[in-house]
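# An overview of the molecular structure
Each chain is listed here by its residues.
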Amino acid sequence: MTHTRRPTALSVATVLLAFTSASFAAADDGSGPLGVPTTAAATARTARIGALFPADRSTRLAGGHFCTASVVHGPYHNLVVTAAHCLDEAGDLVFVPGYRDGRAPYGVWRVERRFLPQGWAKGQDEDSDVAFAVVEPRSGKGVEDVVGGNRFTAGTATGATAVTVTGYPDSRETPVSCTNRPTAHSSTQQRIDCPGLSGGTSGSPWVNGDGQVVGVLGGHDQGGTTPDVSYSVVLGAEAADLYREAAADP
């Protein structure tokens, strides 16, 4: 099965995008053991990761999530990243960071605008399966002000370091995490061997030891056809341009 059950006044110089070359990609290999899924502990880092829900589930969250998303740094503190196939359905959505057991410890945030790459919008190209959403502020604060955010980082070499993938399977009300080293599936797709990343984990961030999002669960077969092997687009120029566009939106 796939990993989901359904679906500029700002100068580029000020956009908080880390676009690194392979020679400068550096991070530790994450915590072990590699390739073993665990229930993700509630920490400041996992609070940045949350679940997506249809807006009509805002007051009855339990059992309603369908994809995963995570907060990334942006100048307006309002940006989340996920898979494009999680955002191309009609209907209003909400993002719940740090979601656990039907509760929203950091609030429910309405998705205000969506940014999908042309490759996905025109033909659902699996090499373009990454997207951003701007969420509305709450009480004058952006979501990043409340939970922090990881840095969206395009241009790293596949497998330069291990990454930790954290997401919300449909069958669970708590997130799972797994750390391993990605390998190349093709020149445009990377894969990771991590059991337990079943339906609902589409959009999960692949975070390295430097707190950089270097992959987003999706891509090939919308993230994979089994829970044991997951995929991500290799984040390159298209993803970097899309980030710049979304980050410039106040």
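Residues numbered from 1 in each chain as written. Predicted model: local features only at pLDDT ≥ 70, side-chain atom pairs only at ≥ 80, totals over all residues. Heavy atoms only, no water.

## Some words on the sheet that holds strand β7 (residues 109-115)
Stated formally: For two strands to pair, DSSP has to find at least two bridges joining them. Helix and strand definitions here come from DSSP, where helices need a minimum of 4 consecutive H or I residues and strands a minimum of 2 consecutive E residues; each element is numbered from the N-terminal end. Note on definitions: angles span 0 to 180 degrees between N-to-C directions of axes, and those axes are lines fitted to C-alpha atoms, for helices only across the stretch in contact. Throughout, a contact is declared for two residues whenever any of their heavy atoms are within 4.5 Å.
Taken together, six strands build a closed barrel; the order of strands is β3-β4-β5-β8-β7-β6 and the barrel is antiparallel. Recorded for the sheet is a direction-independent mean angle of 40° between the axes of neighbouring strands. Bridge count between strand β5 (residues 79-82) and strand β8 (residues 131-135): four bridges; the pairing is antiparallel. From the neighbouring strand, Thr-82 faces β8, where its bridge partner is Ala-131. Contacting β5, β7 and β8, helix α4 (residues 237-247) runs over the sheet at an angle of about 10° to β8.

## Notes on the environment of Gly-203
Among the structural elements, Gly-203 can be located in the loop between β13 (189-193) and β14 (205-207). Sequence-wise, Gly-203 and Leu-217 are 14 residues apart; in three dimensions their C-alpha atoms are separated by 4.9 Å. Setting aside its immediate chain neighbours within four residues, Gly-203 contacts Thr-68, Ala-69, Val-81, Thr-82, Ala-83, Cys-86, Val-216 and Leu-217.

## With respect to the pairing of strand β6 (residues 93-97)
Remark: a regular strand shows side chains that alternate across the two faces of the sheet. What counts, and what does not: For every residue, the accessible area (1.4 Å probe, protein chains only) is compared with the maximum for its type, and the residue is labelled buried under 20%, exposed over 50%, or partly exposed between those bounds.
In terms of burial, β6 is largely enclosed, as five of its five residues are buried. Residues Leu-93, Phe-95 and Pro-97 point to one face of β6 and Val-94 and Val-96 to the other, with burial holding for every one of them. Relative to β6, strand β3 (residues 49-54) runs antiparallel, the two being bridged by five bridges. Across the sheet, the residue bridging to Phe-53 is Val-94, located in β6. Bridging between β6 and β7 involves two bridges; their strand directions are antiparallel. What sits directly across from Val-94, in β7, is Arg-110.

## A few points about the sheet that holds β13
On the basis of which strands lie adjacent, the open sheet formed by three strands has the order β12-β13-β16 and antiparallel pairing. Two strands bound the open sheet, and with one partner strand each, they are β12 (183-184) and β16 (229-233). With two bridges connecting them, β12 and β13 associate as antiparallel partners. Residue pairing across strands places Ala-184 opposite Gln-190, the latter belonging to β13.

## A closer look at the environment of Arg-48
Stated formally: The term polar contact refers here to a pair of N or O atoms within 3.5 Å; inside protein, the definition further demands a hydrogen-donor-capable atom paired with an acceptor-capable atom, and it admits residues adjacent in sequence only when both atoms are side-chain atoms.
Checked against the element boundaries, Arg-48 lands in the loop between β2 (38-39) and β3. In sequence terms Arg-48 and Ser-70 are 22 residues apart; their C-alpha atoms lie 5.6 Å from each other. Contact partners of Arg-48, with chain neighbours within four places excluded, come to Ala-69, Ser-70, Val-71, Phe-95, Val-147, Gly-148, Gly-149 and Asn-150. One polar contact links Arg-48 to Asn-150, side chain to side chain, over a distance of 2.9 Å.

## Regarding the nonpolar core
Cut-off, in case you're wondering: Nonpolar cores were defined as sets of buried Ala, Val, Leu, Ile, Met, Phe, Trp, Tyr and Cys residues, with membership established by side-chain atoms within 4.5 Å.
By size, the foremost hydrophobic cluster in this structure holds 21 residues, and its most contacted members are Leu-52, Val-71, Val-80, Leu-87, Phe-95, Val-135 and Val-143. Those elements that place two or more of their residues in this core are β4 (67-71), α1 (84-87), β6, β7, β8 and α3 (143-147). If we skip the residues at most four places from it in the chain, Val-135 touches Asn-78, Val-80, Phe-95, Trp-109, Arg-110, Val-111, Glu-112 and Val-143. Leu-79, Phe-115, Leu-242 and Tyr-243 belong to the second-largest nonpolar core, a separate cluster that totals 19 residues.

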